[in-house]
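# Fold and contact review
Spelled out, the chains give:
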Amino acid sequence: MAGHSQFKNIMHRKGAQDAKRAKQFAKVIREITVATREGMPDPAMNPRLRAAISAAREVNMPKDTVERAIKKASGAGGGDDYTEVRYEGYGPAGVAVIVEGLTDNRNRTASDVRAAFSKHGGSLGETNSVSFMFTRLGVITYPLDAASEDDLIETGLEAGAENVETVDGVHEVTCPVESFFAVRDALETRFGEPASAKLDWRPSNTVELDEDRARSVFKLIDTLEDHDDVQAVYANFDVPDDVAEKLSA
């Protein structure tokens, strides 16, 4: 599937950097806050909250921090109110970019995102200006030793998954957005907690970048990802492994 190498490139590039734990925690806490207020404070009754707690584990957030965030979000009048936002535009070299965020001030976030695109040689577009070049889907991954591909296929397809394959050293199960929670829960019941479970934007095709263009695109993505209101950034670029190694050196 197009886009796998792009995600591998990003992981490779980020691997040489220290994790920004405080910023990661803040972003996860926002998602926990929204998930709790949208549903119930009990993860067993709130699929989105279960997904947020899973994301918290991925960044090694302490359990008591998660519990405090849920308690604060479920309290009367406690904490900030966040709105889900999505921005779309083009970065350097015509790379399509989708930015998802949670904000308590739409005007501030829109202005900051627009400025980031402009500063780094891109332009912010209208909603749906680039999303048609991506597929929105659920992605659940398991370590190779957690289950066989055949067993994942059997359980996943029965619950509504579309595809199971081994990618970059993990089993990856993909499914339509509307089946995400059902598929994840069915897999978790049989094989235990997945390594990751999230909604993703996967590009239908990619733009291959040379070193200079890749450096420019990475600067834009780093700026966007560093913003407190931004939860995730997706783009349809591909970088050859030798270029990725140069940039991560």
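As the structure is a computational prediction, the values presented were derived from the model and not from experiment.

### Describing the sheet that holds strand 5 (residues 163–167)
Two strands in a sheet stick together by hydrogen bonds in their backbones, pointing the same way (parallel) or opposite ways (antiparallel). Taking strand neighbours across the sheet as the criterion, the four strands line up as 5-6-4-7 in an open arrangement whose pairing is antiparallel. One side of each edge strand has no neighbouring strand; the edge strands of this open sheet are strand 5 and strand 7 (196–203). Adjacent strand axes in the sheet meet at a mean angle of 35° when their direction is disregarded. Looking at chain direction, strand 5 and strand 6 (residues 170–175) are connected through five bridges and run antiparallel. If you follow N163 over to strand 6, its bridge partner there is T174. Sitting on the sheet, helix 6 (residues 149–159) touches strand 4 (134–143), strand 5 and strand 6, and the angle it makes with strand 5 is about 150°.

### So, the domain arrangement of the chain
Each domain of the chain was delimited in the assignment, giving domain 1 (16–74), domain 2 (83–132 + 206–248) and domain 3 (134–203). Once you take the C-alpha centre of each, domain 2 and domain 3 turn out to be 26 Å apart. At the junction of the two partners, domain 2 supplies eleven residues and domain 3 supplies six residues. Across the domain 2 to domain 3 interface the summed buried area is about 690 Å²; carbon plus sulfur atoms make up 62%. Where domain 2 touches domain 3, the interface holds one salt bridge. For the pair domain 2 and domain 3, the interface holds four residue pairs in polar contact (both at pLDDT 80 or more). Of all the secondary structure elements, the ones that give two or more residues to the side of domain 2 that touches domain 3 are strand 2 (96–103) and strand 9 (230–235). Looking at which element gives the most residues to the side of domain 2 that touches domain 3, the answer is strand 2, with three residues.

Definitions and cut-offs
- Residues numbered from 1 in each chain as written.
- Predicted model: local features only at pLDDT ≥ 70, side-chain atom pairs only at ≥ 80, totals over all residues.
- Heavy atoms only, no water.
- Pairing = 2+ DSSP bridges.
- Helix = DSSP H or I, 4+ residues; strand = E, 2+ residues; numbered from the N terminus.
- Axes fitted to C-alpha atoms, helices over the stretch in contact; angles between N-to-C directions.
- Contact = heavy atoms within 4.5 Å.
- Domains from an automatic or database assignment.
- Buried area = accessible area lost by both parts, 1.4 Å probe.
- Salt bridge = Lys/Arg side-chain N within 4 Å of Asp/Glu carboxyl O.
- Polar contact = N/O pair within 3.5 Å; in protein donor to acceptor, adjacent residues only side chain to side chain.

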